[in-house]
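A look at the structure
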Amino acid sequence: MMVHREHMSSIYLDHAATTPVRPEAREGMLAILDGEFGNPSSAHGWGRRAAARLEEARERVARAIGADPGEIYFVRGGTESDNVAILGHAEAVRRKGTTPFAAVSAIEHKAVLSAAAEVGERGGRGCTIPVYADGTLDMDALDTALADGASIVSAMTVNNEVGIHLPIEAIVERTHAHDAVFHTDAVQALGKVPVNVGDAPVDLLSLTGHKIYGATGTGVLFVRRGVDVAPLIFGGGQERELRPGTEDVAGAVGMAIAVELAVQEQESEADRIRGLRDLLQARLEDGIEGLRVHGDVPNRAPHILNVGIPDADPEALLAGLDLEGIAASAGSACDSGAHKASHVLEALYGPLNGVAVLRFSPGRSTSESDVIRAAEATLTVLERVRGVEVRG
Amino acid sequence: MSGQRILVAMSGGVDSSVAAALLVQQGYDVVGATMKTFCYSGEEAHSKTCCGLDGIADARRVSDALGIPHYVFDVEEDFTRDVIDDFVSEYARGRTPNPCVRCNSNTKFQDLMERGRVLGCDGIASGHYVRIDRSNVATPALHRGIDASKDQSYFLWGLPTEMLPLLHFPLGDLTKIQVREQARALGLVTADKPESQEICFVPTGDYRDLLEKRLIKQHPALEPGLIVSSTGAVLGEHTGYANFTVGQRKGLGGGFGQPLYVIEIRADSREVVVGTAEEGASGGAEIGEVNWLTTPPPEASPIQVQIRYRAAAVPATVQSTDGRVVLAFEEAQRAVTPGQSAVFFQGERVLGGGRIERALVSRTLDEEVGRASMLQPG
């Protein structure tokens, strides 16, 4: 037997990638997994109890974000929620005999960008709307797309890489003026900024459990009553036929608890985390000449710090930080572990040309000493990077 | 050694897996790294078809089992420039490149070194079958691996000398059989992976596809030309001189009465020159891009030289070390192939090496030596 020598990264500053499951959510899930298991479609007591827990969960999510329970659909994660919203709406449009057209912001998550591109692949249209470095959407381009027949507009509430908080209310207003449908990916927003479908009259809204201390593979799609969305998969009719398949009751319960607590704690936690983020930013700005702060706009979400360091190798920088016990990311997680240029940063700032990007995202467990250590470790690693000749 | 941090190159094969495991056993603070060198579908959007990804996944699994961190470093740009572009241009010139030599000399170890510094590493390791002799602490020497059938010193003559003190080759004292046994004993998932024989970026073994993709259309190297004898008689046609290597017998067609070999490739006229074994023998060679891993030996020094990966080193004399090296073989050698490496040895020790620029027949050798000595400064 070999001994496991690798010590866990001691300071986790990658909460925008995923979060640990919080004890309240875990206990709620375990109660279902251990005891009240059952198929909500079954006619016996086990089934009835499971169905009751599922509907309770639906009500709790609805209450937390200002929706009706009938507008909440449990899905299996954020990517699925985005896909059902965009491709499902496009399919509903197509069935009515018109051509679907998805106009999405240029800084969307790949789940939205790829779904919009797929609308184009399937005989409809897809386009992106530019977002400026000051955190505003190009409203003229939006108007053009709407005048051109956009059937759905999608703009994320908070961007996952740089934390830009888009002006959703204004975008919804324009969209509705053209009778188009509005979707927002609020995966990174819940718990960090106010998210309420009563305040901002969005039509479709996507959430995921694992960014808010719930479980991976759990998600929600809010569909405002009267908005047509066709299913992407077919089966037994669960989730009012929009998302068939035996319901993940434990996941839904965990998700509901996580959503509820995220909303309850949003104001105080956002202030605390913003303080930590700003402290980290100040330390890095003091220590690193030429540091760029991406997404440093007044409407920035509190939990993300994205910095650019000139003339550094991002892969080596991240690896060096990891060995110093700091878990950060290069912007967004990637399948092969190798670095790729970020479409978000390119959309906002153009080509990066040798600038290494680091994203730090503090969370519930992060303390002040954690971010101070992270800043120190970054400077230590950077000192070594700077000693390295860049080969041309 | 305990506490020293070593960055080990892990390809996902059995050799580098065992190298990493041995370093862990020896008490080093081991960090694994896989260099992502190329991607077949570079032009396509889907990175999942990258052939390197299986290797990366295996390296990760081994690292996890060993309890060491593992990172992937993308060196595709360096690799394409230093190795693939060179490979293509050498064939275009009618020469036969050693891409693995280029990779080790120009890409792999230098890129590892840079990353290692950022990661606070004290040394660099790989699963090559070679040894570092540290009996002279100030000037460590590169030696052949113990297992003669696996020895990879032929591929490492191009390492920068100043790197030698930092290098670790844990497999140099082992045989391949012992390495496999170790891998099985440790339960490594890579224990029974087959040997990789082909050039990594030409997995089918047919490099012509790659040349066709990367050379301009109708490049002379891939256009038909004549097969001629050393006296100029036309013996047949070929479909591109890039398909040939000096010393090759296969693919010439039969019916010449006696075995014929490629003895020269003339890129200018697209001619492939063939001749008998005797005609293909050379008394010496001119070596360029020379790298010495030790102080260059004085003129007329007897050394041994290896001119192909699978060949034995043969006695030769260094006739000149003025920038390029002129070698005189003790016995005439067949298949002295431009583009291939000539590696200089003294017994087990690698003195250095270079690229074969051209074969010298005995007559020209005398002239070369004369000219070279005339060019000697003072």
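1. Remarks on the overall build of chain A
- When helices and strands are counted, chain A shows ten helices and twelve strands.
- On C-alpha atoms alone, chain A measures out to a radius of gyration of 22 Å, which is about the 21 Å that the 2.2 N^0.38 rule sets for 392 residues.
- Seen along its three principal axes, the alpha-carbon backbone of chain A occupies a region of about 65 × 55 × 40 Å.
- The contacts in chain A between residues at least 6 apart in sequence include a share of 74% that link residues at least 24 apart.

2. Brief notes about the overall build of chain B
- What chain B contains, in helices and strands, is seven helices and 17 strands.
- Counting the 378 residues in chain B, one finds 47% classified as buried.
- A sequence separation of at least 24 residues applies to 65% of the contacts in chain B between residues at least 6 apart.

3. Side note on the environment of Tyr 28 of chain B
All names here are of chain B.
- Structurally, the position occupied by Tyr 28 is in the loop between α1 (14-25) and β2 (29-36).
- Tyr 28 gets classed as buried once you count the C-beta atoms within 10 Å, which come to 24.
- Expressed as a C-alpha distance, the spacing of Tyr 28 and Glu 223, which sit 195 residues apart in the sequence, is 54 Å.

4. Brief notes about the sheet that holds strand β7 (residues 204-208) of chain A
Residue and element names in this part refer to chain A.
- Read from one edge of the open sheet, seven strands run β2-β8-β7-β6-β5-β3-β4, paired in mixed fashion. Of all the strands in the sheet, the pair left with one neighbour each is β2 (72-75) and β4 (125-129). Along the sheet, successive strands turn relative to each other by an average axial angle of 20°, direction set aside.
- As paired elements, β7 and strand β8 (residues 219-223) share five bridges and run antiparallel to each other. Bridge pairing in β8 links Thr 208 to Gly 219.

5. With respect to the sheet that holds β2 of chain B
Residues and elements named next belong to chain B.
- Within the open sheet, the five strands sit side by side as β3-β2-β1-β4-β7. Their pairing is parallel. The sheet terminates laterally at β3 (70-74) and β7 (167-168), the two strands that pair on one side only.
- In this structure, strand β1 (residues 5-9) lies alongside strand β4 (residues 123-125), joined through three bridges in parallel fashion. Residue pairing for β4: Ile 6 is matched across the bridge by Gly 123.
- Each of β1, β2, β4 and β7 is contacted by α1, which is oriented at about 170° to β1, the strand it contacts most.

6. Description of helix α4 (residues 110-121) of chain A
Residue and element names in this part refer to chain A.
- Given a rise of 1.5 Å per residue, twelve residues ought to cover 16 Å, and the 16 Å separating the end C-alpha atoms of α4 matches this to within 8%.
- Within α4, burial applies to Ala 111, Val 112, Leu 113, Ala 115, Ala 116 and Val 119.
- Taken together, the buried residues of α4 touch α3 (78-95), β3 (101-105), β4, β5 (152-154) and β6 (181-185).
- With its phi angle positive at about 100°, Gly 123 sits one or two positions after the end of α4.

7. Side note on the nonpolar core
- The biggest cluster of nonpolar side chains holds 219 residues, and the ones touching the most others in it are Val 259 of chain A together with Ala 20 and Leu 327 of chain B.
- Of the residues forming this core, the biggest block, 16 residues, is contributed by helix α7 (residues 249-287) of chain A.
- Setting aside residues no more than four positions away along its own chain, Ala 20 of chain B makes contact with Val 8, Met 10, Val 30, Gly 32, Val 62, Leu 66 and Ile 68 of chain B.

8. Let's talk about the packing of helix α3 (residues 76-92) of chain B against helix α4 (residues 99-118) of chain B
Residue and element names in this part refer to chain B.
- Taken N-terminus to C-terminus, the directions of α3 and α4 make an angle of 170°; their axes are 9 Å apart at the nearest point. Relative to α4, α3 is oriented roughly antiparallel. Of the residues in α4, those touching α3 at Asp 78, Phe 79, Asp 82, Val 83, Asp 86 and Phe 87 are Pro 99, Arg 102, Cys 103, Asn 106, Thr 107 and Asp 111.
- Residue composition of the contact of α3 with α4, grouped by class: five nonpolar, two polar and five charged.

9. Description of the environment of Val 325 of chain B
Residues and elements named next belong to chain B.
- With respect to the helices and strands, Val 325 occurs in strand β15 (residues 325-334).
- Using a count of 27 C-beta atoms within 10 Å as the deciding quantity, one classes Val 325 as buried.
- Spatially, the C-alpha atoms of Val 325 and Glu 286 are 5.9 Å apart, while their sequence positions differ by 39 residues.
- Setting aside residues up to four positions removed in sequence, Val 325 forms contacts with Ile 287, Val 290, Val 318, Ser 320 and Gly 354.

10. Topic: the confidence of the model for chain A
- Chain-level pLDDT for chain A is 93 on average; 94% of the residues reach the 70-or-more range.
- This model gives residues 1-5 of chain A a pLDDT under 50, and the stretch forms nine contacts once residues within four places in sequence are excluded.

11. Some words on unusual backbone geometry
Residue and element names in this part refer to chain A.
- A positive phi angle, close to 60°, is found at Asp 179, a residue other than glycine.
- If you trace the backbone, Asp 179 turns up in the loop between α6 (168-177) and β6.
- The phi dihedral of Asp 311 falls on the positive side, at around 55°, and the residue is not glycine.
- Structurally, Asp 311 can be placed in the loop between β10 (305-309) and α8 (314-323).

12. Quick look at the packing of α3 of chain A against α4 of chain A
All names here are of chain A.
- Running from amino to carboxyl end, α3 crosses α4 at an angle of 25°, the nearest separation of the two axes being 9 Å. Here α3 is positioned roughly parallel relative to α4, judged by the angle of their axes. Considering only the axes of α3 and α4, their crossing is right-handed. Here α3 contributes Gly 78, Thr 79, Asp 82, Asn 83, Ile 86, Leu 87 and Ala 90 to the contact with α4, which in turn contributes Ala 111, Val 112, Ala 115, Ala 116, Glu 118 and Val 119.
- Among the residues making up the contact of α3 with α4, the classes are represented as eight nonpolar, three polar and two charged.

13. Topic: the environment of Ala 138 of chain B
Residue and element names in this part refer to chain B.
- Inspection of the secondary structure puts Ala 138 in the loop between β5 (130-133) and β6 (141-144).
- What makes Ala 138 exposed here is the crowd of 6 C-beta atoms within 10 Å.
- The spacing of Ala 138 and Leu 166 is 28 residues in sequence and 12 Å in space, taken between C-alpha atoms.

14. Here's the deal with the pairing of β8 of chain A
All names here are of chain A.
- Counted residue by residue, β8 has five buried out of five residues, so it is predominantly covered.
- Burial along β8 is two-sided: the residues Gly 219, Leu 221 and Val 223 and Val 220 and Phe 222 are all buried.
- With four bridges joining them, β2 and β8 adopt antiparallel strand pairing. Paired with Phe 74 across the bridge in β8 is Val 220.

The rules behind each value
- Residues numbered from 1 in each chain as written.
- Chains lettered and ligands numbered in written order.
- Predicted model: local features only at pLDDT ≥ 70, side-chain atom pairs only at ≥ 80, totals over all residues.
- Helix = DSSP H or I, 4+ residues; strand = E, 2+ residues; numbered from the N terminus.
- Rg over C-alpha atoms; globule rule 2.2 N^0.38 Å.
- Contact = placed C-beta atoms within 7 Å.
- Buried ≥ 20, exposed ≤ 12 C-beta atoms within 10 Å, placed from the backbone.
- Pairing = 2+ DSSP bridges.
- Axes fitted to C-alpha atoms, helices over the stretch in contact; angles between N-to-C directions.
- Expected span 1.5 Å × (residues − 1).
- Core = buried A, V, L, I, M, F, W, Y, C linked by C-beta atoms within 7 Å.
- Parallel < 35°, antiparallel > 145°, perpendicular 65-115°, else oblique.
- Nonpolar A, V, L, I, M, F, W, Y, C, P; charged D, E, K, R; others polar.
- pLDDT = per-residue confidence, 0-100.
- Left-handed = near helix turned anticlockwise from the far one by under 90°.

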